Amino acid sequence: MLRSMVQALAWCAVVAALAGCVDANAPTLVPVAAPFDPPLNLPGIAHHICTADGNFMYREAKKQYELRAGMTGYPIDPTEEEANATAAAHRQYVTCLSSQGYRNYER
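Nothing here was measured: the structure is a model prediction, and the numbers come from that model. (Residues numbered from 1 in each chain as written. Predicted model: local features only at pLDDT ≥ 70, side-chain atom pairs only at ≥ 80, totals over all residues. Heavy atoms only, no water.)

Peer 1: What is the right way to read the state of the cysteines from this model?
Peer 2: Working definition: the covalent bond between the sulfur atoms of two cysteines is a disulfide. Following the criterion strictly, the structure yields one disulfide and no others. Bridging Cys 50 to Cys 96, the disulfide has an S-S length of 2.2 Å. When the S-S torsion is -75°, as for the bridge of Cys 50 with Cys 96, the disulfide is left-handed. Pair noted here: Cys 50 is in helix α2 (residues 43–72) and Cys 96 is in helix α3 (residues 78–99), with a separation of 46 residues, a long-range link. Taking the relative accessible area as the measure of exposure, Cys 96 reaches 6% and is therefore buried. (Disulfide = S-S within 2.5 Å. Helix = DSSP H or I, 4+ residues; strand = E, 2+ residues; numbered from the N terminus. Buried < 20%, exposed > 50% of the residue type's maximum accessible area, 1.4 Å probe, protein only.)

Right, here's the structure in full:
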């Protein structure tokens, strides 16, 4: 009895935490080649995982740009650095979504 109450409380805490992650501007994720949506492969979870991957790639691309600029001696162009980092993050996000079985439907 106590165990089921703790599980229910934990489940409610997870639902409340994930409800804070909902963004109206987030892309709509559409399952590809799956007649049903498996319970552990939900679009919200895939979006959360892939956003984290995209954020990591954004930081990594900025760091790599600064390292390349330092090695070649060219000054850092903030506009080009931002464009490269944003493009790398977007590529990583789309690749991650594809690996999860979704495609990005941008409105």
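Structure's up, so let's keep going.
Peer 1: Is there a simple way to explain the pattern of salt bridges in this structure?
Peer 2: When charged atoms on two side chains of opposite charge get close, those side chains can pair. Summed over the entire model, instances satisfying the criterion amount to two salt bridges. A salt bridge links Lys 63 to Glu 60; the shortest N-O distance between them is 3.5 Å. Linking Lys 63 with Glu 60, this pair stays in helix α2, spanning three residues, or about one helical turn. Looking at Glu 60, the relative accessible area reads 22%, which means it is partly exposed. For Lys 62, the salt bridge identified is with Glu 82, shortest N-O distance 3.5 Å. Placement of Lys 62 in helix α2 and of Glu 82 in helix α3 is noted, with a sequence separation of 20 residues between them. (Salt bridge = Lys/Arg side-chain N within 4 Å of Asp/Glu carboxyl O.)

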